[in-house]
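Understanding the architecture of this molecule
These are the residues of each chain, in order.
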Amino acid sequence: MQIIRYISPILLSATMFFTGCDKGQNKSGWSDEEIALIEQYSNEIMPLQVIDNESDSLFLRKSSLSLTKTEIESPYFTKLISQMLLTVTNPENEGVGIAAPQVGISRKLIAVQRIDKESEPFEFFVNPQIIYKSEEQQNGWEGCLSVPGKRGNVKRHTKIVVEHNNIESFELQHDTIEGFTAIIFQHEIDHLNGILYIDRADTLTIK
Ligand code: ZN
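The rules behind the values
- Residues numbered from 1 in each chain as written.
- Predicted model: local features only at pLDDT ≥ 70, side-chain atom pairs only at ≥ 80, totals over all residues.
- Heavy atoms only, no water.
- Salt bridge = Lys/Arg side-chain N within 4 Å of Asp/Glu carboxyl O.
- Helix = DSSP H or I, 4+ residues; strand = E, 2+ residues; numbered from the N terminus.
- Buried < 20%, exposed > 50% of the residue type's maximum accessible area, 1.4 Å probe, protein only.
- Pairing = 2+ DSSP bridges.
- Axes fitted to C-alpha atoms, helices over the stretch in contact; angles between N-to-C directions.
- Contact = heavy atoms within 4.5 Å.
- Core = buried A, V, L, I, M, F, W, Y, C linked by side-chain atoms within 4.5 Å.

Another aspect to go through is the pattern of salt bridges. All chains considered together, the criterion is met by eleven salt bridges. For Glu 71, the salt bridge identified is with Arg 107, shortest N-O distance 2.8 Å. One end of the pair, Glu 71, is in helix H4 (residues 69-72); the other, Arg 107, is in the loop between strand E1 (97-99) and strand E2 (109-113), and 36 residues separate them in sequence. This pair shows no difference in class: Glu 71 is buried, exactly as Arg 107 is.

Right, dumping it as structure tokens:
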């Protein structure tokens, strides 16, 4: 299964030293703009895109781009996932999931807290897609780091199958997910398609 790859800051700096020599290229696959944003918040919490800001709001509505094997093998990917993890676990504003567009990177990458596993780890999923949805649906309350101060009641499928590329080998994988974890997946995958939970909520209230 997908486990967050932890690389110490020292190892990360060494990796950057050996690979950071040809700037301006895009051998890594990442755009200069994406690299600049990832590097700007090196080992830090990244600023969240929020709907209260007009340009962020437009950004959140974009469909994100898929990731390639070359891109996930690049040190920028390792940096991005560690910074997304810092962002979603920020004790002052924590979540149970986050999608890359929420930190300004319009790519198909999400982190989900696996409430369905004993230690409830955060796991990252590359190019996730829902390929099966149960007919059965259930209503539940949701909030979003990009929609501050609100929560809404949303109907979601109780069981889904998610297809994604393995975070290390890039091989296609399928996972069957149920319960609250399935809700997190549906919420985060929506972000990759420019959809916010407020689009689906029956009721929206102030938190
Ligand atoms: Zn969200």
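To continue, consider the sheet that holds strand E5 (residues 147-157). One open sheet holds the three strands; their spatial order is E4-E5-E8, and the pairing between them is antiparallel. A single partner strand is all that each edge strand has here, and the edge strands are strand E4 (137-144) and strand E8 (201-206). With strand direction ignored, the average angle separating the axes of adjacent strands in the sheet is 20°. The sheet strands contacting helix H6 (residues 179-192) are E4 and E5, and the helix crosses E5 at an angle near 115°.

Moving on, we come to the nonpolar core. Trp 30, Phe 77, Leu 80, Met 84, Ile 105, Leu 109 and Val 126 are the most contacted members of the largest nonpolar core, which has 26 residues in total. The set of elements that each furnish at least two residues to this core consists of helix H2 (32-40), helix H5 (75-88), E2 and strand E3 (122-133). Per element, the largest residue contribution to this core is six residues, and it comes from H5. Residues Ala 99, Ile 110, Ile 184 and Phe 185 belong to the second largest nonpolar core, which totals twelve residues.

Bringing the sheet that holds strand E6 (residues 159-165) into the picture now. Sheet architecture is open: five strands sit in the order E1-E2-E3-E6-E7, paired in antiparallel fashion. Each end of this open sheet is capped by a strand with a single partner; those strands are E1 and strand E7 (172-178). Looking at each pair of strands side by side, their axes are set apart by 40° on average, direction ignored. Sheet analysis places E1 next to E2, joined by three bridges and oriented antiparallel. Paired with Ala 99 across the strands is Ile 110, a residue of E2. Sitting on the sheet, H5 touches E1, E2 and E3, and the angle it makes with E3 is about 90°.

Of note, the phi angle at Asn 43 is positive, near 60°, even though the residue is not glycine. Along the chain, Asn 43 falls in the loop between H2 and helix H3 (54-60). Residue Asn 43 is classed as partly exposed on the basis of its relative accessible area, which comes to 40%. Even without being glycine, Asn 127 reaches a positive phi, approximately 50°. When you line up the elements, Asn 127 lands in strand E3. For Asn 127, a relative accessible area of 11% puts it in the buried group.

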